[in-house]
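Read off the chains here:
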Amino acid sequence: SLPAKPLPEDATLRTDKSTMLSATENAGYAGDNTDWMREEIEDAGFVNVHELEFKMPVGDWPSHPVWKEAGKLSAILYKASAFILTLIKRNNSY
């Protein structure tokens, strides 16, 4: 099982996320879909929609094969932050 310790407030993943969300919103994109995704899914006709929060590793450090694969995928997605950093640079936001 994964450790249940929360990230410290000054952890890079937290501060980078905040900066990236601000940059995407300043550029006119929806950086965080958690506020409206459920409504959009229900408006599309889906019923009995449930939301589930879970911890996701970043990187291939977990020993369990399933979590290791999930961590690899999330690392790839996290590296997509290069796009976000481009938005930051183009908008001279930060």
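Placed above this text is the structure.
Residues numbered from 1 in each chain as written. Predicted model: local features only at pLDDT ≥ 70, side-chain atom pairs only at ≥ 80, totals over all residues. Heavy atoms only, no water.

**Q** What exactly am I supposed to notice about the side chain of Ser74 here?
**A** Secondary-structure assignment places Ser74 in helix α3 (residues 65–79). With relative accessibility at 12%, the residue Ser74 sits in the buried group. A polar contact of 2.3 Å, which involves the side chain of Ser74, links it to the backbone oxygen of Pro57. Within the structure, Ser74 has its side chain in polar contact with the backbone oxygen of Gly71 (distance 3.0 Å). Ser74 has contacts with Met56, Pro57, Val58 and Gly59, leaving out every residue within four places of it along the chain. (Helix = DSSP H or I, 4+ residues; strand = E, 2+ residues; numbered from the N terminus. Buried < 20%, exposed > 50% of the residue type's maximum accessible area, 1.4 Å probe, protein only. Polar contact = N/O pair within 3.5 Å; in protein donor to acceptor, adjacent residues only side chain to side chain. Contact = heavy atoms within 4.5 Å.)

**Q** How should a nonpolar patch on the surface be read in this particular structure?
**A** The grouping of Leu52, Phe54 and Met56 at the surface amounts to a nonpolar patch, some 370 Å² of accessible area in total. Summarising the element assignment, Met56 is placed in the loop between α2 (37–43) and α3. (Patch = residues over 30% accessible without salt bridge, like charges linked within 9 Å, V, L, I, M, F, W, Y side chains within 5 Å. Areas by Shrake-Rupley, 256 points an atom, 1.4 Å probe, with all protein chains shown as cover. Salt bridge = Lys/Arg side-chain N within 4 Å of Asp/Glu carboxyl O.)

**Q** Looking at this structure, I do not really get the environment of Ile84. What am I missing?
**A** Among the structural elements, Ile84 can be located in helix α4 (residues 81–91). Classification of Ile84 as buried rests on a relative accessible area of 13%. Here Ile84 is in contact with Met20, Ala23 and Thr24, once residues within four sequence places are set aside.

**Q** Can you help me understand unusual backbone geometry in this one?
**A** Excluding glycine, residues mostly carry a negative phi; peptide bonds, for their part, are mostly trans. Phi angles above zero are rare outside glycine, and Asn48 is one such case at about 60 degrees. Topologically, Asn48 is positioned in the loop between α2 and α3.

**Q** Hey, could you run me through the pattern of salt bridges in this one?
**A** Note that side chains of opposite charge can pair when their charged atoms are close. In total, this model carries two salt bridges according to the counting rule given. In this structure, Arg38 engages Glu42 in a salt bridge whose closest nitrogen and oxygen atoms are separated by 3.2 Å. With Arg38 and Glu42 both in helix α2, this residue pair falls four residues apart, about one helical turn. Since its relative accessible area comes to 31%, Arg38 is described here as partly exposed. Judged by relative accessible area, Glu42 falls into the partly exposed class, the value being 35%. Here Glu51 and Arg38 are joined by a salt bridge, their closest N and O atoms 3.2 Å apart. Of this pair, Glu51 sits in the loop between α2 and α3 while Arg38 sits in helix α2; the two residues are 13 residues apart in sequence, bridging distant segments of the chain. The network of salt bridges with common partners includes Arg38, Glu42 and Glu51.

**Q** Whenever I open this one, α3 confuses me. Can you help?
**A** Think of an α-helix as 3.6 residues a turn; residues three or four steps apart then line up on the same face. The end-to-end C-alpha distance of α3, which contains 15 residues, comes to 21 Å, matching closely the 21 Å that a straight helix rising 1.5 Å per residue would cover. Among the residues of α3, Ala70, Gly71, Ser74 and Ala75 are the ones counted as buried. The arc that holds every buried residue of α3, seen down its axis, measures 145 degrees, which confines them to one face. Of the exposed residues in α3, the ones pointing more than 90 degrees away from its buried face are Pro65, Val66, Glu69, Leu73, Ile76 and Lys79. (Expected span 1.5 Å × (residues − 1). Arc of directions from axis to C-beta.)

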